[in-house]
Structures are given as C-alpha cells and as structure tokens.
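One letter stands for each residue in the lines below.
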Amino acid sequence: MITVKCFARYRALLGFSDLSLPSPSTLGDLLADPRFAALPKDALLAVNQSFADRSTALADGDEVALMPPVSGG
C-alpha cells in the first residue's frame, strides 16, 4: 500500500488529507487515478520525504506527499 498525504489547499481540492492505495509502479501511474484529476500540474511531489517527479518508482510502504508550490523570501 502507498500512503498519500495532501497539504495546504490540496486537502480541500482533492477532498482528503490521507489516503491509502494499492501500490502502482510509478508516481505518474498513481496520479493517473481519477481521484487526482484536479491536482494542478505544478504540484510539488515527494516520495518518502524527498522531492520526486512523475517517473519515480514506487514500492509498497512508500509515502507520497502532494504540496502546492510555495514562494516567499
């Protein structure tokens, strides 16, 4: 199973803060699930607390984080 955590405005946008799903092969495969259709393309993605891209391989027990882009000084 993969645990998906949504942060900030993505919680309201996607309708959940934590979700467990069967393990897909890549982060892109996970995000192809219809539950993530509203996720903006500029979302920051992390796997096991390291930034990742959609080609990142996933394994059982991984934690995926979805975060909005940030700015500031």
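Note that the coordinates shown come from a computational prediction; the quantities given were computed from them, not determined experimentally. (Residues numbered from 1 in each chain as written. Predicted model: local features only at pLDDT ≥ 70, side-chain atom pairs only at ≥ 80, totals over all residues. Heavy atoms only, no water.)

Asker: With reference to specific residues and values, describe the side chain of Asp62.
Answerer: By the secondary structure assignment, Asp62 is in the loop between strand E4 (50-51) and strand E5 (63-67). Within the structure, the side chain of Asp62 is placed 2.8 Å from the side chain of Asn48, a separation counted as a polar contact. Polar contacts involving the side chain of Asp62 include one to the main-chain amide nitrogen of Ala59, which spans 2.8 Å. Excluding its chain neighbours within four sequence positions, the residues that come into contact with Asp62 are Met1, Ile2, Thr3, Val47, Asn48 and Ala57. (Helix = DSSP H or I, 4+ residues; strand = E, 2+ residues; numbered from the N terminus. Polar contact = N/O pair within 3.5 Å; in protein donor to acceptor, adjacent residues only side chain to side chain. Contact = heavy atoms within 4.5 Å.)

Asker: Any chance you could break down the nonpolar core for me, citing the residues and the numbers?
Answerer: Counting residues in each nonpolar core, the largest one holds 19 residues, and the members touching the most others are Val4, Leu30, Leu31, Phe36, Leu39, Val64 and Leu66. Of all the elements in the fold, those that place two or more residues in this core are strand E1 (2-6), helix H1 (9-14), strand E2 (18-21), helix H2 (27-31), strand E3 (44-47) and E5. When sequence neighbours within four positions are dropped, the list of residues in contact with Leu30 reads Val4, Leu21, Pro24, Phe36, Leu58 and Val64. (Core = buried A, V, L, I, M, F, W, Y, C linked by side-chain atoms within 4.5 Å. Buried < 20%, exposed > 50% of the residue type's maximum accessible area, 1.4 Å probe, protein only.)

Asker: Account for the packing of aromatic side chains, naming residues and giving values.
Answerer: For the coordinates displayed, the defined rule picks out one aromatic pair. When the ring of Phe16 is compared with that of Phe36, the centres are 5.9 Å apart and the planes differ by 80°; the resulting orientation is edge-to-face. With a gap of 20 residues between them, Phe16 in the loop between H1 and E2 and Phe36 in the loop between H2 and E3 connect regions that are remote in the sequence. Like Phe16, the residue Phe36 is buried in the burial classification. (Phe/Tyr/Trp six-rings, centres within 6.5 Å; stacked < 30°, edge-to-face > 60°.)

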